[in-house]
Structures are given as structure tokens and as C-alpha cells.
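# Descriptive structure summary
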Amino acid sequence: PTPAPTPAPLAAPRQVIIKVSDQDLYMTAAGGSVFTSTMKLQGDRASALNTPSSQFVLEDIGGGKFIVKVSDNDDLYWHAWGALYNWPIKLHNNGRTYASSTVYSQFEFED
């Protein structure tokens, strides 16, 4: 029998700021890094680099999917609140285990 292919190694977590492509606006957790803060666009690059709630850690969980944590709180991950079209992305406080096992907290990034 042919052995199963070895899965690609997961990328190391990396801290990022997230910019909208056509303006000087960056993603932030409005209200700070607290449970249920809503993701919004605001500020500029300097503000994003100096605001922990505008800095996020991308964690590769395999299969092309990532979970996204706010940089200054290990328990707060992005979550598609309500899991419905046009509902906000908010910070959810159930931690990494919940985020990595819940489809509404998993995201794919496309070019």
C-alpha cells in the first residue's frame, strides 16, 4: 500500500494589522479587546501599530483555515456572531479550543 501523504506543516502564528485595500483604514476591535467588541474599520497605520486591539494573530489550523486572535488577550478570537449573512464579526471569549473547532470562528484568506 502507498503511505498517506504527509500533511503540510502549519504556518507559525503571525501578528498582523489588517488594512482595507483602497483606503488608509485598519481593522480594530471597537471598544478595545473585550468580549463582544465588534470589528470595525478606523484609524491609520500609525494608530493600528500603536493599538493592541488593532493587532491580530493569525493561527493556521490546517486545511487553509485560520483563527484570528486579538493580540493582547489569549482568549478573544474573531467569531461570526449569529453565523448569518451581514451579521458582525465580534470577539468571542471561549478561547483557542472553541475557535479551532467552531466553523463560525474559522476564516480563509484569498488573494
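Anyway, here's the lowdown on the structure attached to this text. (Residues numbered from 1 in each chain as written. Predicted model: local features only at pLDDT ≥ 70, side-chain atom pairs only at ≥ 80, totals over all residues. Heavy atoms only, no water.)

## Comments concerning the pattern of salt bridges
Where side chains of opposite charge bring their charged atoms close, a pairing between them can arise. Within this structure, the stated rule accounts for three salt bridges. Between E59 and R96 there is a salt bridge, and its shortest N-O distance comes to 2.7 Å. Of the two residues, E59 is situated in strand β4 (residues 56-62) and R96 in helix α2 (residues 95-101); the sequence distance between them amounts to 37 residues. (Salt bridge = Lys/Arg side-chain N within 4 Å of Asp/Glu carboxyl O. Helix = DSSP H or I, 4+ residues; strand = E, 2+ residues; numbered from the N terminus.)

## Things to note about the nonpolar core
Note that soluble globular proteins tend to have their nonpolar side chains buried in a common cluster. Ranked by internal contacts, the top residues of the largest apolar core, which has 13 residues, are M39, F56, V68, W78 and L91. Elements supplying a minimum of two residues to this core: β2 (26-30), β4 and β5 (65-70). Counting residues per element, this core draws most heavily on β5, which supplies three residues. Discounting chain neighbours no more than four positions away, the residues touching M39 are M27, T28, A29, F56, W78, I89 and L91. (Core = buried A, V, L, I, M, F, W, Y, C linked by side-chain atoms within 4.5 Å. Buried < 20%, exposed > 50% of the residue type's maximum accessible area, 1.4 Å probe, protein only. Contact = heavy atoms within 4.5 Å.)

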